[in-house]
Amino acid sequence: MKELRGRAWKFGDNVSTDHIAPGRYFHLRSNLPELAKHVLEDARPDFAPGVSAGDFVVAGRNFGLGSSREHAPTIIKMVGVSAVLAKSFARIFYRNSINVGLPAIICDTTRIGDGDLLVVDLGLGKVKDETNGEVLSFPPLPEIMRKILEEGGLVKYVKRRGDLEV
Amino acid sequence: MSEKIIGEHAGRSVSAGETVIASVDLCFTHDASGPLLISQLKELGLDLQNPRRTAFFVDHAVPAPRRESANDQKIVREFAKKAGAGFHEAGSGICHQLVAEEYALPGQIVLGTDSHTVTAGALGAFATGMGATDMAVAMALGKTWLRVPETLLVKVTGELGKGVFSKDVALHLVGTLGSEGANYKSVEFSGETVERMETSQRLTLSNMVVEAGAKAGLVPSDLETKRFLESLGREGFRRVFPDKGAQYEDTIEVEAGKLRPMVALPGSVDNVKPVEEVGEVEIDIVFVGSCTNGRIEDLRVVAKILSGRKLREGVRLVVTPSSRRTLVEAVKDGTLQTLIGAGAAVTPPGCGVCFGALGGVPADGERILASTNRNFKARTGNPEALTYLASPAVCAATAVKGVIADPGEFL
Ligand code: SF4
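How should the overall build of chain B be read in this particular structure?
Along the backbone of chain B there are 14 helices and 18 strands. Taking 2.2 N^0.38 as the reference for a compact globule, 411 residues should give roughly 22 Å; the C-alpha atoms of chain B span a radius of gyration of 20 Å, in line with that estimate. Principal-axis analysis of the C-alpha atoms gives chain B an extent of 60 × 55 × 40 Å. Relative to its full complement of 411 residues, chain B shows a buried share of 64%. A fraction of 75% describes how many contacts in chain B between residues 6 or more apart in sequence connect residues 24 or more apart. In the structure as shown, chain B presents an accessible area of about 14200 Å², 47% of it carried by carbon and sulfur atoms. Side-chain charges of chain B comprise 44 positive and 50 negative groups, with the mean position of each set lying 4 Å from the other.

Next up, the structure:
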């Protein structure tokens, strides 16, 4: 797996899918490029206008709680985010991100600063913060999720195998 | 109970922590996730494995308030009809209420593209929410992968006091566990208080476990479940209950008699306090509805409190029944007349303002008290408004008083 490289955008704890893809933009759900213009708007209004391809969303605990809307990880991926790093993830969001091919990494994000340059190696399970020089490691994904991510998402995984297997 | 049910669907005995492939009894989606799901199904190039075990609901933005929603609903409607799946038109009600009324049975595995799919756990089903892609695969293959969850036992004993309902138990529980206290786990309810609850109250309990991150919220099926199903003319009841000596990761004891009417303060569902501790909080809009508390039993409590009274000057009350059956019942028994007479605006069955797209969005700087399940920033449609959560009884008492109020004196 290739190395990912980009800047960190810091968020706090309990960023919900309502913060990521607000219900008031419900009518844009079949127009994902438009919906993506509002991604994370209720958590950090400067994020959507400022994010660059390759950047990381770096959050605290329980990222993605709330509604099961898969539009949430989809639009995070769509604006070019290469991975989400958080201390923990809500269950459905975690599964959805892997399914849409957005790596969700569980690690201690406390010391990563806003705007830090990060290099993430998914294969080795390492995050290097080039700004503060620290290296964090993270646990490998469960086997089935690793395979899904390697295929580029669940649809591709099932298309290739024609079935689900553990 | 989760291990038992998942084991039956995996064809072998399973234990917590394992990842297994399990067959699925019901897959459903709605107008909020349906279009994305349908595009994923097309991408997969597969048909529905079993249309009779698949259901589509138009419940979120109903009746369609704008062109984009109408177009999305058309996609769902046309797909469901062509595939021969169950289809529930706008106005039928919220998917979770209809799944409880028409589909879910004890011992089943039920999947929905909505986090509150857990609601059906109240009938003794293993019911959990997933995203659109997971559901597309489940609909196409008739199975899914699951990590068998650990179980938290919640034991509720004693008598609920006057003005205290299952919603207060649920809020108390989420407050105790915190917003991720049950992440990836299954919550199982037990104890005499739960045994004595009607299914409508149990549905509220199961519904809100996801607010603590849980994957499922199960109530053992019993004679009350049988009564509920039979009252709807449905077959398929069976008893599903935990084995003697079942393993629990932890047990939480709740003394019902000590609970007071509760409120969740704006911003997070786990920020819960008894009504008497929140001080004088003026409320502009009261909303009664949602898959948590929009059932006929909820509307009756509100009507009882509002009967012979008027809304406080300046307070708006919006009531959205959770299903057509609820609305029909409310028409028949006079509940609706009482609500309207007191000044309520009643909107068609569906999600209403719960997720912030229609039916009672608060103005900037206003406070809304809702019988729903979430109060994140902007949840009810306006980032400049504040959302509080409580039981329908607290909602009704508040509508009369204009400030968040204990319903005890009205009951
Ligand atoms: S009523 Fe609210 S919580 Fe329930 S399904 Fe509808 S939007 Fe979701």
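Alright, that's what it looks like, and here's the rest.
Even after reading the chapter, I still don't get the interface of chain B and chain A, so can you show me in this structure?
Each partner contributes to the interface: chain B provides 49 residues, whereas chain A provides 41 residues. With both sides pooled, the region where chain B packs onto chain A buries about 4000 Å², and carbon together with sulfur makes up 58% of that total. For the interface between chain B and chain A, the tally reads 5 salt bridges. The interface formed by chain B and chain A holds 26 residue pairs in polar contact (both at pLDDT 80 or more) in total. At the level of secondary structure, the elements contributing two or more residues to the side of chain B that touches chain A comprise β1 (19–23), α2 (34–44), α3 (67–83), β6 (126–129), α5 (132–141) and β7 (143–147) of chain B.

What is the right way to read the nonpolar core from this model?
Soluble globular proteins tend to bury their nonpolar side chains together. If you look at the biggest cluster of nonpolar residues, it comprises 80 residues, and the most contacted ones within it are A:Ile20, A:Phe47, A:Val57, A:Phe63, A:Ile76, B:Phe56 and B:Ile109. By residue number, the principal contributor to this core is α5(B), which donates 8 residues. What A:Ile20 contacts, discounting residues up to four positions off in sequence, is A:Val15, A:His38, A:Val39, A:Leu40, A:Phe63, A:Gly64, A:Ala72, A:Ile75, A:Ile76 and A:Phe93. Residues B:Val210, B:Leu259, B:Phe287 and B:Ile368 belong to the second largest nonpolar core, which totals 42 residues.

Any chance you could explain the site of the ligand here in plain terms?
Residue and element names in this part refer to chain B. Residues in contact with the ligand, as listed here, are His60, Ile94, His96, Asp114, His116, Ser290, Cys291, Cys351, Cys354, Phe355, Asn373 and Arg379. Among the residues forming the shell around the ligand, the class breakdown is 5 nonpolar, 5 polar and 2 charged. When we break the shell around the ligand down by domain, the ones giving at least three residues each are domain 1 (2–255) and domain 2 (263–410).

Got a minute to help me understand the packing of aromatic side chains in this structure?
Geometrically, a pair of aromatic rings is defined through the distance of the ring centres and the angle of the planes. What the rule picks out here adds up to 11 aromatic pairs over all chains. Ring centres of A:Tyr94 and B:Tyr184 lie 6.5 Å apart, and the angle between their planes is 80°; on these two criteria the pair is classed as edge-to-face. Separated into two different chains, A:Tyr94 in helix α5 (residues 91–99) and B:Tyr184 in the loop between α6 (166–177) and β9 (186–190) make up a pair that spans both. Assessed through its relative accessible area of 26%, B:Tyr184 is described here as partly exposed. Residues B:Phe57 and B:Tyr103 carry aromatic rings whose centres are separated by 6.2 Å and whose planes lie at 75° to one another, so their mutual orientation is edge-to-face. Taken together, the residues B:Phe57 in strand β3 (residues 54–57) and B:Tyr103 in helix α4 (residues 95–103) connect sequence positions 46 residues apart. Directly above the aromatic system of A:Phe11 lies the positively charged group of A:Arg44, at a separation of 5.8 Å from the ring centroid. Directly above the aromatic system of B:Phe241 lies the positively charged group of B:Lys4, at a separation of 4.5 Å from the ring centroid.

Rules behind the numbers
Residues numbered from 1 in each chain as written. Chains lettered and ligands numbered in written order. Predicted model: local features only at pLDDT ≥ 70, side-chain atom pairs only at ≥ 80, totals over all residues. Heavy atoms only, no water. Helix = DSSP H or I, 4+ residues; strand = E, 2+ residues; numbered from the N terminus. Rg over C-alpha atoms; globule rule 2.2 N^0.38 Å. Buried < 20%, exposed > 50% of the residue type's maximum accessible area, 1.4 Å probe, protein only. Contact = heavy atoms within 4.5 Å. Areas by Shrake-Rupley, 256 points an atom, 1.4 Å probe, with all protein chains shown as cover. Lys, Arg positive; Asp, Glu negative; His and termini not counted. Charge placed at Lys NZ, Arg CZ, Asp CG, Glu CD. Buried area = accessible area lost by both parts, 1.4 Å probe. Salt bridge = Lys/Arg side-chain N within 4 Å of Asp/Glu carboxyl O. Polar contact = N/O pair within 3.5 Å; in protein donor to acceptor, adjacent residues only side chain to side chain. Core = buried A, V, L, I, M, F, W, Y, C linked by side-chain atoms within 4.5 Å. Near = heavy atom within 4 Å. Nonpolar A, V, L, I, M, F, W, Y, C, P; charged D, E, K, R; others polar. Domains from an automatic or database assignment. Phe/Tyr/Trp six-rings, centres within 6.5 Å; stacked < 30°, edge-to-face > 60°. Lys NZ or Arg CZ within 6 Å of the ring centre and 35° of its normal.

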